[in-house]
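For reference, the chains in residue letters:
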Amino acid sequence: MSSSDRRPLSTLEQPAWELLRQRLRAVRSFLSVALPISNAHTGDFYTRGVWDELVCCSPEAVLAAFTRHHPPEQLRHPEPTRTWDENELSQIFCKASHRLLDLESFLEAAKHHSLPYLGVCTPLGHLLGFLNEKEHGNYDTKIKTDEFMNNKKAHEVLVMSQLIDSIANYCGIKQVIDLGSGKGYLSSFLSMHYDLKVYGIDSSSTNTHGATERNRKLKKYWKVYRSRARADSKGQLSETKKERGALPDNPECKASISGELLSNNNIGLGRGQDKPKLPPVNSSGSFTDLAMPDSNELNNQFCTVQDIDKSPTSEFSFLNILPVDAVEVVTSPKLCQKVLSDEEREHRKMANLKAKANRLRESNLYSPLTSFITAETELHDVIEDLEDSIMVGLHTCGDLAPNTLRIFVGKPEIKAVCSVGCCYHLLSEEFEVQPEENTLEQWGFPMCQDLKEEGWCCGRNARMSACLALDRVAVGQGLPLESLFYRAVLQVIIKECYDNVKSDRRVGKAFSKSSCFLDYCRESLKNLGLDESKLSDSCLLEYYEVYKSRKKELEAFNMLRVVLSPCIEALILLDRLCYLREQGNVAWAGLVKLFDPVTSPRCYAVIAVKKP
């Protein structure tokens, strides 16, 4: 799409700047009274008496109320948002003790201060519809990806790659920079399916090496994948043309056309030509059309191309699937048997050389690189042939997500960004530490001026709880309660039997290696450098039995933390969106829900495109 053809992104609806700031302030006000719950450490749950300190109702009441307020169907179809004034919020918690008083109002307020209820997100279907005003192909495609990706990753890659390709086409971009590319799932798919030139950058050389090897193996698979697609297309089209009577009746010429021409190794779909596209996401944002085929159906593992050209007037319209210079159409028996002239030989030689060059270019569409990227990184030092690009990141950890946005704003070559963050607990917070301890120039949080001016701080435990998955818990995929309970009881044992010995060590994966509470205690005490022989089995089991009756307190408290997790995530993502809206060179910026939150809990993308 040329710049003269495309609608300006400024015409795409986005939340008004004042509405966005109002929603940010509302979430901040609610969390200012609710954060003590999120910042409580479950490891100290019993040693600190957290339940009695922060909650005044019974555990049973909390568990029952959670079920009433968070049915799965309501999470998928949220009610309209409502506003909460300062007076209402102040009545939820006791002003003196900060204990939770009004459970029902707390659950309602938490719900309406999460992204689905704030009215600030752009539906994925609306964005794709705007970007794809002009279609880029006439194909329907079924793509099986679980040969080389699990279901979760396949869901993420299919949806995000479709959006990235749409943004790239809209901006006229062919280069993609994938930060935190890891094993290269997204990078490989973008390069192979969409013919984009992708640089996958990861700070781990192990990941980069693995991505390179995996990409090499994928290319072999992809050749078979596309060859089968071409064979399927050939069979369908030949049958169609036979019914129309469009093909010559001469058997020898038929063999030449279907056998010689369609066997050309250059048959493929390159960027700039009509190419298959993924099933579109509908305007409601539903992902039901992206269900993966049954992994047992081996015959369906290749893409199926249908309805390539239904025009009866185009005698050899099935050749539209080929590059323009791939073949010459032969239309008579005499020409089929004709000895090639010198001019024709030269023409075919040049075509073969061009095909070879295209294959070499395509083999280098994805380049894994190892580099630690910050907001100050000079991209030309990492990518020699840097050109206008879209910068993307699928579940970039910690500070890499906000730094991706800063690079987009600061580097003229980066024309668009699509970032899905992850691992909020790894974010650096500017106001979490004492001023004399501040050593970073760029902090992961906060980014926008409003939160910076207030010196806002969430705290590590709150950011850790932001990674919890409310939608998964609501459908019965609960928290690892048993391991949390073991750890909380162990902390009581350490405090009372080892004089509250503090250690920088961690218990590690003691729970996964243990068959019972006794095994867990023995393994954990060893990992912490404590003398586990000091305590008998009966002593350890006595602690277990004493706190077993209070297990529901821990379960209910973690439900309260789960309820608050979308609110903390909303504050972090609104901070990033407000930062982008503050910049003078950004034409459009929005939050878009890309994934099914049960399949992929970190499902929101921060997307922006620069002004021309």
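None of these values were measured; they are calculated from a predicted model. (Residues numbered from 1 in each chain as written. Predicted model: local features only at pLDDT ≥ 70, side-chain atom pairs only at ≥ 80, totals over all residues. Heavy atoms only, no water.)

Draft legend 1. Representation of the overall build of the protein chain in the model. The number of helices and strands found in the protein chain is 23 helices and seven strands. Expressed as a percentage of the 612 residues in the protein chain, the buried residues total 51%. Counting only contacts in the protein chain whose residues sit at least 6 apart along the sequence, the fraction spanning at least 24 positions is 79%. As displayed, the protein chain has an accessible area near 28600 Å², and 49% of this comes from carbon and sulfur atoms. (Helix = DSSP H or I, 4+ residues; strand = E, 2+ residues; numbered from the N terminus. Buried < 20%, exposed > 50% of the residue type's maximum accessible area, 1.4 Å probe, protein only. Contact = heavy atoms within 4.5 Å. Areas by Shrake-Rupley, 256 points an atom, 1.4 Å probe, with all protein chains shown as cover.)

Draft legend 2. Structural view of the pairing of strand β5 (residues 414–422). Among the nine residues of β5, eight are classified as buried, and the element is accordingly described as predominantly covered. Pairing of strand β4 (residues 389–397) with β5, which is carried by eight bridges, proceeds in the parallel orientation. What sits directly across from Cys397, in β5, is Cys422. (Pairing = 2+ DSSP bridges.)

Draft legend 3. Here's a closer look at the pattern of salt bridges. This model, assessed by the stated rule, comprises 17 salt bridges. Between Lys152 and Glu156 there is a salt bridge, with its nearest N and O atoms 2.6 Å apart. In this pair, Lys152 and Glu156 both sit in helix α9 (residues 151–171), four residues apart, roughly one turn of the helix. Here Glu156 falls in the buried class, since its relative accessible area comes to 0%. (Salt bridge = Lys/Arg side-chain N within 4 Å of Asp/Glu carboxyl O.)

Draft legend 4. Representation of the sheet that holds strand β3 (residues 366–370). With mixed pairing, the seven strands of this open sheet are ordered in space as β3-β2-β1-β4-β5-β7-β6. Because the sheet does not close on itself, it has two edges, and the strands there are β3 and β6 (586–593). Each adjacent strand pair in this sheet contributes to an overall mean axis angle of 15°, direction not counted. As paired elements, strand β1 (residues 175–179) and β4 share four bridges and run parallel to each other. Pairing of Asp178 across the sheet is with Val392, part of β4. (Axes fitted to C-alpha atoms, helices over the stretch in contact; angles between N-to-C directions.)

Draft legend 5. Highlighting the confidence of the model for the protein chain. On average, residues of the protein chain carry a pLDDT of 78, and 70% of them reach 70 or more. Here residues 135–142 is a poorly scored stretch, pLDDT under 50, and it has 31 contacts once near neighbours within four places are set aside; other chains count. (pLDDT = per-residue confidence, 0-100.)

Draft legend 6. Molecular detail of the packing of helix α20 (residues 481–497) against helix α23 (residues 551–581). Relative to each other, α20 and α23 sit at 120°, their axes nearing to 10 Å. Taken together, α20 and α23 sit at an angle that is classed as oblique. As for the relative orientation of α20 and α23, their crossing is right-handed in sense. Residues Leu481, Glu482, Leu484 and Phe485 of α20 lie in contact with α23, whose contacting residues are Lys551, Leu554, Glu555 and Asn558. (Parallel < 35°, antiparallel > 145°, perpendicular 65-115°, else oblique. Left-handed = near helix turned anticlockwise from the far one by under 90°.)

Draft legend 7. Geometry of the nonpolar core. In this structure, Phe30, Phe106, Met160, Leu163, Phe557 and Leu594 are the most contacted members of the largest nonpolar core, which totals 154 residues. Per element, the largest residue contribution to this core is 19 residues, and it comes from α23. (Core = buried A, V, L, I, M, F, W, Y, C linked by side-chain atoms within 4.5 Å.)

Draft legend 8. A look at the packing of aromatic side chains. In the structure shown here, the tally under the stated rule is 15 aromatic pairs. Seen from their ring centres, Phe45 and Tyr46 are 5.2 Å apart, and the 80° between their planes marks the pair as edge-to-face. Note on Phe45: relative accessible area 1%, which makes it buried. Taking the centre distance of 6.4 Å and the plane angle of 75° together, the rings of Tyr486 and Tyr544 count as edge-to-face. Here the residue Tyr486 occupies a position in helix α20, and Tyr544 occupies one in helix α22 (residues 537–548), the gap between them amounting to 58 residues. (Phe/Tyr/Trp six-rings, centres within 6.5 Å; stacked < 30°, edge-to-face > 60°.)

Draft legend 9. Spatial organisation of the pairing of β4. Counting buried positions along β4 gives eight out of nine residues, so the element sits mostly inside the fold. Handedness of the crossover is the feature at issue here: the chain leaves β4, passes through helix α16 (residues 400–410), returns alongside β5, and the resulting connection is right-handed. (Right-handed = clockwise from strand over helix to strand, strands pointing away.)

Draft legend 10. Structural context of unusual backbone geometry. Here Phe445 and Pro446 are connected by a cis peptide whose omega angle stands at -5°. You can see Pro446 is positioned in the loop between β5 and α17 (449–454). Residue Asp195 is not a glycine yet carries a positive backbone phi of 55°. A positive phi is found at His395, a non-glycine position, where the angle reads about 60°. Looking at the element boundaries, His395 is found in strand β4.

Draft legend 11. Looking closely at the side chain of Glu413. Within the secondary structure layout, Glu413 lies in the loop between α16 and β5. Among buried Asp, Glu, Lys and Arg side chains, Glu413 stands out as unpaired, with Lys411 the closest opposite charge at 6.9 Å. Apart from residues no more than four positions distant in its own chain, Glu413 is found in contact with His380, Leu386, Glu387, Asp388 and Ser389. (Lys, Arg positive; Asp, Glu negative; His and termini not counted.)

Draft legend 12. Just the side chain of Ser465, in detail. Here Ser465 lies in helix α18 (residues 460–465). Assessed through its relative accessible area of 1%, Ser465 is described here as buried. At a separation of 2.7 Å, a polar atom in the side chain of Ser465 contacts the main-chain carbonyl oxygen of Ala462. Excluding its chain neighbours within four sequence positions, the residues that come into contact with Ser465 are Ser38, Arg561, Ser565 and Ile568. (Polar contact = N/O pair within 3.5 Å; in protein donor to acceptor, adjacent residues only side chain to side chain.)

Draft legend 13. Representation of the environment of Leu54 in the model. Structurally, Leu54 can be placed in helix α2 (residues 50–54). Note on Leu54: relative accessible area 6%, which makes it buried.

Draft legend 14. Region of the structure containing the packing of helix α1 (residues 17–39) against helix α6 (residues 103–112). Between α1 and α6, whose axes approach to 12 Å, the crossing angle comes to 115°. Remark: the crossing between α1 and α6 carries left-handed chirality. Every residue of α6 that contacts α1 at Phe30, Ala34 and Ile37 is listed here: Phe106, Ala109 and Ala110. A per-class count over the contact of α1 with α6 returns six nonpolar, no polar and no charged. (Nonpolar A, V, L, I, M, F, W, Y, C, P; charged D, E, K, R; others polar.)

Draft legend 15. Quick peek at α22. Compared with an ideal rise of 1.5 Å per residue, which puts twelve residues at 16 Å, α22 spans 16 Å between its outermost C-alpha atoms and is within 8% of the ideal. Within α22 the residues assigned to the buried category are Leu540, Tyr543, Tyr544 and Tyr547. Summarising the axial view, the buried residues of α22 lie within an arc of 100°, below the 170-degree limit, and thus occupy one face. Opposite the buried face of α22, by more than 90 degrees, sit the exposed residues Ser538 and Glu542. For α22, the secondary structure elements touched by its buried residues are α20, α21 (517–527) and α23. (Expected span 1.5 Å × (residues − 1). Arc of directions from axis to C-beta.)

Draft legend 16. Highlighting the environment of Cys539. Structurally, Cys539 is set in helix α22. Using a relative accessible area of 22% as the deciding quantity, one classes Cys539 as partly exposed. Separated by 46 residues in the primary sequence, Cys539 and Ile493 place their C-alpha atoms 9.5 Å from one another.

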